[in-house]
Amino acid sequence: MDIRMSTSMNRPMRQVRHKQDEEKPQQNLTDKTTKQQQRQPSSLRQNATTLRRSSSAPPRMGRRRRLLVEDHYRVDAETKSLLPGLPVNDDENDARDLHDFFNLIALVPVVVLNIINWDWDVLIDGNKSLKQAWTGQYFPLFFATTVGYFVADLIWVIQIPTCVKSPAVIVQHHVATLIYLLVPYMHPQDTGWLMGACLIVEINTWLLIARRVFNKQGFGPWVIDLSLFSIRVKLISIFFYVTWISIRCFLYPEIWRLLWSLWYDDYKEGVIFNTKYAFALGLHTIFCCLNFKWTFDLFMSKLRAWKIGGHAKVEKGL
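As the structure is a computational prediction, the values presented were derived from the model and not from experiment. All residue numbers refer to position in the chain's written sequence, counted from 1. Residue-level local features of this predicted model are given only where pLDDT is at least 70; pairs of side-chain atoms are given and counted only at 80 or more, and the full residue set underlies all totals for whole chains, interfaces and linings. Hydrogens and water are ignored here; the side-chain numbers use all heavy atoms of the structure.

Caption draft 1: Examining the overall build of the protein more closely. Helix numbers and strand numbers start at the N terminus; a helix is a DSSP run of H or I with at least 4 residues, a strand a run of E with at least 2. From N to C terminus, the protein includes 12 helices and zero strands. The burial tally for the protein puts 35% of its 318 residues in the buried class. Contact definition: two residues touch when any of their heavy atoms are within 4.5 Å. Of all intrachain contacts in the protein linking residues separated by at least 6 positions in sequence, the fraction that spans at least 24 positions is 68%. Here the accessible surface of atoms and residues is derived via Shrake-Rupley with a 1.4 Å probe, and residues count as covered only by protein chains that are part of the display. Surface accessibility of the protein: about 19,900 Å² in total, with carbon and sulfur atoms responsible for 63%. Classification of residues uses two cut-offs on accessible area relative to the type maximum, computed with a 1.4 Å probe and protein chains only: under 20% is buried, over 50% is exposed, and between them is partly exposed.

Caption draft 2: Focus on the pattern of salt bridges. By definition, a salt bridge exists where a carboxyl oxygen of Asp or Glu is found within 4 Å of a side-chain nitrogen of Lys or Arg. On inspection of all chains with the given rule, the structure shows six salt bridges. Ionic pairing is found between Asp190 and Lys131, a salt bridge with its closest N-O pair at 3.8 Å. Taken together, the positions of Asp190 in helix α9 (residues 188-198) and Lys131 in helix α5 (residues 130-133) put the pair 59 residues apart, joining distant regions of the chain. In this structure, the salt-bridge partner of Asp297 is Lys293, at a minimum N-O distance of 2.9 Å. With Asp297 and Lys293 both in helix α12 (residues 278-317) and four residues apart, this pair spans about one turn of that helix. Note on Asp297: relative accessible area 8%, which makes it buried. Overlapping salt bridges, with partners in common, bring together Lys131, Asp190 and Lys276 in one network.

Caption draft 3: Examining a nonpolar patch on the surface more closely. Taken together, the side chains of Val108, Val112, Ile115, Ile116, Trp120, Ile124, Tyr138 and Leu141 define a hydrophobic patch exposed on the protein surface, amounting to about 710 Å² of accessible area. For the nonpolar patch, the secondary-structure elements that each account for two or more residues are α3 (94-115) and α4 (120-125). Ranked by the residues each element gives to the nonpolar patch, the list is headed by α3, at three residues. Within the secondary structure, Tyr138 sits in the loop between α5 and α6 (139-159). The exposure class of Tyr138 is partly exposed, given its relative accessible area of 35%. Patch construction takes residues with relative accessible area above 30% that form no salt bridge. Like charges are linked within 9 Å, and nonpolar side chains (Val, Leu, Ile, Met, Phe, Trp, Tyr) are linked within 5 Å.

Caption draft 4: Focus on the confidence of the model for the protein. The predicted model of the protein averages 76 in pLDDT, with 63% of residues at 70 or higher. Under a pLDDT of 50 for its full length, residues 41-62 has, in the predicted model, seven contacts with residues more than four places off or in other chains. Low pLDDT, under 50, characterises residues 310-318; the stretch is placed with 21 contacts to residues that sit more than four places away or in other chains. Note on scores: pLDDT gives the predictor's confidence for each residue, bounded by 0 and 100.

Caption draft 5: Seen up close, the packing of aromatic side chains. To pair, rings of Phe, Tyr and Trp, with the six-membered ring standing in for Trp, must have centres within 6.5 Å; the planes then decide the type, stacked if under 30 degrees apart, edge-to-face if over 60, and tilted in the middle. Throughout the structure, instances matching the rule amount to 14 aromatic pairs. Measuring from ring centre to ring centre gives 5.1 Å for Trp260 and Trp263, while their planes differ by 40°; the resulting arrangement is tilted. Pair noted here: Trp260 and Trp263 are both in helix α11 (residues 228-268), with a separation of three residues, about one helical turn. Exposure remark for Trp260: the relative accessible area of 39% places this residue in the partly exposed category. Among the residues examined, Trp263 registers a relative accessible area of 15% and is labelled buried. Joined through ring pairs, the aromatic side chains of Trp256, Trp260, Trp263, Tyr264 and Tyr267 make up one cluster. Here the guanidinium or amino end of Arg248 rests over the ring plane of Trp244, the centre of that ring lying 4.8 Å away. For a lysine, the NZ atom is tested; for an arginine, the CZ atom; a charge sits over a ring if that atom is within 6 Å of the ring centre and within 35 degrees of the ring normal.

Caption draft 6: Representation of the side chain of Asp266 in the model. Examined against the element boundaries, Asp266 turns out to sit in helix α11. If sequence neighbours within four positions are ignored, Asp266 has contacts with Val271, Asn274 and Tyr277.

Caption draft 7: Quick look at the nonpolar core. In these notes, a set of buried Ala, Val, Leu, Ile, Met, Phe, Trp, Tyr and Cys residues joined through side-chain atoms within 4.5 Å is what counts as a nonpolar core. Trp118, Phe142, Tyr180, Leu194, Met195, Tyr252 and Leu259 are the most contacted members of the largest nonpolar core, which has 49 residues in total. If you list the elements that add at least two residues to this core, you get α3, α5, α6, α9, α10 (202-213), α11 and α12. Counting residues per element, this core draws most heavily on α11, at nine residues. In contact with Leu259, other than residues within four places in its own chain, are Tyr180, Leu194, Tyr277, Ala280, Leu281 and His284.

Caption draft 8: How the structure looks around the environment of Thr177. One can find Thr177 in helix α7 (residues 167-180). Those residues in contact with Thr177, other than ones at most four positions away along the chain, are Phe150 and Phe287.

Caption draft 9: View of α10. Compared with an ideal rise of 1.5 Å per residue, which puts 12 residues at 16 Å, α10 spans 16 Å between its outermost C-alpha atoms and is within 8% of the ideal. With 10 of 12 residues buried, α10 is to be regarded as a mostly interior element. Those residues of α10 lying buried are Glu202, Asn204, Thr205, Leu207, Leu208, Ile209, Ala210, Arg211, Arg212 and Val213. A helix is expected to span 1.5 Å for every residue after the first.

Caption draft 10: Quick peek at the packing of α6 against α9. For the pair α6 and α9, interaxial distance at closest approach is 12 Å and the crossing angle is 55°. Regarding the angle of α6 to α9, the classification is oblique. In this structure, α6 meets α9 at a crossing whose hand is left-handed. Here Phe139, Phe142, Phe143 and Thr146 of α6 lie close against α9, whose contacting residues are Pro188, Gly192, Met195 and Gly196. Lys, Arg, Asp and Glu make up the charged group, whereas Ala, Val, Leu, Ile, Met, Phe, Trp, Tyr, Cys and Pro make up the nonpolar group; the residues left over, Gly among them, are polar. Its residues assigned to classes, the contact of α6 with α9 comprises five nonpolar, three polar and no charged. Angular values range over 0 to 180 degrees, each being the angle between N-to-C directions of two axes fitted as lines to C-alpha atoms, with helices fitted over their stretch in contact. Each angle receives one of four descriptions, namely roughly parallel if under 35 degrees, roughly antiparallel if over 145, roughly perpendicular if within 65 to 115, and oblique otherwise. Note on convention: near helix rotated counterclockwise from far helix by under a right angle means a left-handed crossing. Clockwise means right-handed.

As structure tokens, this is what we get:
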């Protein structure tokens, strides 16, 4: 009996020792691997860690790419389709409100000075070019006001980035615009019309901001009662879309065509690059691409809304 008890008590002890003997080679192997990894450069260890995570850990949740149209439209987070109404400004961002009011005021002299530099009889006639319709009578004042606005707004956005939803885009746009303004500054007689034609787009910018400021509740412009408020919101939305299509989708490509023609005339005379047209053509190409991208994002969002909700939903959202 004592022998059996002794045997039964020794059996677990032998099993524990056997298990420890089996774990020793594995532990030695792990120690060797750790020492080898420590001898490797940090870049290789980092790559190995990345590979291990990609094969064993669950996928990381990346941030959804944010569309620029979300600054001015309500967009469904899943389908990226437009929703009726405008974004509701419920964040009580005083910096953004103050910046919007600054733009609504500061853009008025820029637009007015631009308008009075054109001969509208010649422009409406349509038989003459944009250059011939440009008088440039108040060009120095127009140029100084425009540069002052863009410099002030650029400093504002850099100092207080929370005043806009996409500060990086605004900064890049303003820097490119100020570089573009060097062309009419160096050649006011030949390219003053180019500055005036391009800055007509600020009418659409003013309407874009006014569309948000005068409808802070985010109401859909076509579903409000026919009150004075409703008519104001409807008119702003109508003029916004009219100027968006006419200026960004038609006028800017036409300006690009004119610049290409002027550059090609110089090219045939042996002048490949000059600060008047070649430089302006390159920058204007960038602005045209941006306009088409923003228009494409807006169109695709409306198309998704139409596919999901039908015609009624699109009519409510426009």
